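Reading the structure
Each chain, letter by letter, is given below.
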Amino acid sequence: MSITASPDVARNARPYLYGGEEAAIASALSAGQYNHGAVTEEFEQALAAFLGVPDVVAVASGTAALHVGLLAAGVGPGHEVVVPSFTFCATVQAILAAGARPRFVEVNPDTGCVEPAEVLGALTPDTRAVMPVLYGGRAIDLSPARPALDEQGITVVEDAAQAFGSWQGERRVGATGVVTCFSFGPIKNLTCGLGGAIVPRTPLEANICRRLRGLGIVESAARRAEVTTYTIDGFGMRVQMSPLNAAVGLVQLVHFAEAETRRRALWRAYAAALDGIDGVSLVDADVDRTVPALCAVRVLDGRRDRVFHALLERGIGVAVHYPPNHTQPAFAAWHRPLPVTEHLGGQIMTLPFHQHLTEAAAEHITGELRAALAAETDR
Ligand SMILES: Cc1ncc(COP(=O)(O)O)c(C=O)c1O
């Protein structure tokens, strides 16, 4: 069978299971707790130990993590959140869900990530939070901006949906002292099926996150089983992580070293194969510190759309992560001109990237990209 015909190559992304997830779900199913339960708490503790932090709060999705993280940081109506337009729409929807307004900023097109100077330039008296998006898993160090942010009472709430396991210096993303939000969706570095988590900065913030995710109820699930009433002391949603999802995450966490090694090896194989191909530029993932979630390239000279369709015709599942958000109808009220992002949005293309892929497949895909570009040049 040719590599082109392989469904692994055809898909841009695909969940990866290590074995053991099905048995873990079966066991959680028969335990009979589906909203929130002991397995969810076990997963929270395992995540905290892995990251080297005191506490982690698990929720139903990465989007819920961002929403809860913003609310816990005190973000609400009348506030602005500085956010790159170049992200998944979930980032922006979470800001709107918190009642705040996005203030869109540019990213560095070489990395897909926001720079400290860009953040500082976008602050207004209404800014209450900054939400850097760790594109493709790459950590973002905003420390040069931190003194100014701290002085103005502005919280950093990271969208680390794609960055589980990545490093910032000596610490994992999530252990750097800001509010960090992860996604454990189907194609993330670690999947729970669906799921997410917030790394809070203090025990108080952890408590607020737990109330926000659990309908505002003060007592823990265990405590509620022992008392005749309970207390609701504020707004809350039902966005807990089900033990069925947590059970999958626990198995995945045990095998995470494999994700780290495979994803880096695959990204490096792409980087080597792409080296010297004219007309494309690899978005730098800082692979030595990152557990890559994507392999993104920029297709130069206005050829992205044609190359994209040519690759689909060749059976290669390319995708676009992401069309900019500031030009979306839903976010028109917060539009501001962002020429760098608009240009990047017309160039960006992601290559198939998941743990089922081999280095040979990456070379094959790159060969198809080279052929598609050559066909374009000859037109
Ligand atoms: C950058 C980014 N932010 C937020 C999310 C939302 O995460 P979830 O799909 O788990 O809600 C995703 C996931 O797709 C993402 O890639």
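Our structure is the block above this text.
So, how was this worked out
Residues numbered from 1 in each chain as written. Predicted model: local features only at pLDDT ≥ 70, side-chain atom pairs only at ≥ 80, totals over all residues. Heavy atoms only, no water. Helix = DSSP H or I, 4+ residues; strand = E, 2+ residues; numbered from the N terminus. Rg over C-alpha atoms; globule rule 2.2 N^0.38 Å. Buried < 20%, exposed > 50% of the residue type's maximum accessible area, 1.4 Å probe, protein only. Contact = heavy atoms within 4.5 Å. Areas by Shrake-Rupley, 256 points an atom, 1.4 Å probe, with all protein chains shown as cover. Lys, Arg positive; Asp, Glu negative; His and termini not counted. Charge placed at Lys NZ, Arg CZ, Asp CG, Glu CD. Near = heavy atom within 4 Å. Polar contact = N/O pair within 3.5 Å; in protein donor to acceptor, adjacent residues only side chain to side chain.

Notes on the overall build of the protein chain
If you tally the helices and strands in the protein chain, you get 14 helices and twelve strands. For 379 residues, the compact-globule estimate of 2.2 N^0.38 gives 21 Å, and the protein chain sits close to it at 21 Å. Structurally, the protein chain occupies a C-alpha span of about 75 × 50 × 40 Å along its principal axes. Within the protein chain, buried positions represent 54% of all 379 residues. Here the analysis covers contacts within the protein chain between residues at least 6 apart in sequence; of these, 72% occur between residues at least 24 apart. Carbon and sulfur atoms make up 54% of the accessible area of the protein chain, which amounts to about 15,600 Å² in all. Side-chain charges in the protein chain split into 30 positive and 39 negative, and the spacing between the mean points of these groups amounts to 3 Å.

Section: the site of the ligand
Close to the ligand lie 16 residues, the nearest being Gly62, Thr63, Asp159, Ser183 and Lys188. Residue Thr63 places a side-chain N or O atom 2.6 Å away from an oxygen atom belonging to the ligand. With respect to the ligand, the side chain of Ser183 contributes an N or O atom lying 2.7 Å from an oxygen atom. When the ligand is considered free in solution it has 390 Å² of accessible area, and contact with the protein chains removes 88% of it. Every element with two or more residues in the shell around the ligand is listed here: α4 (62-72) and α5 (89-97). Residue contributions to the shell around the ligand peak at three residues, all from α4.

Function-wise, these values are silent; they only describe arrangement.
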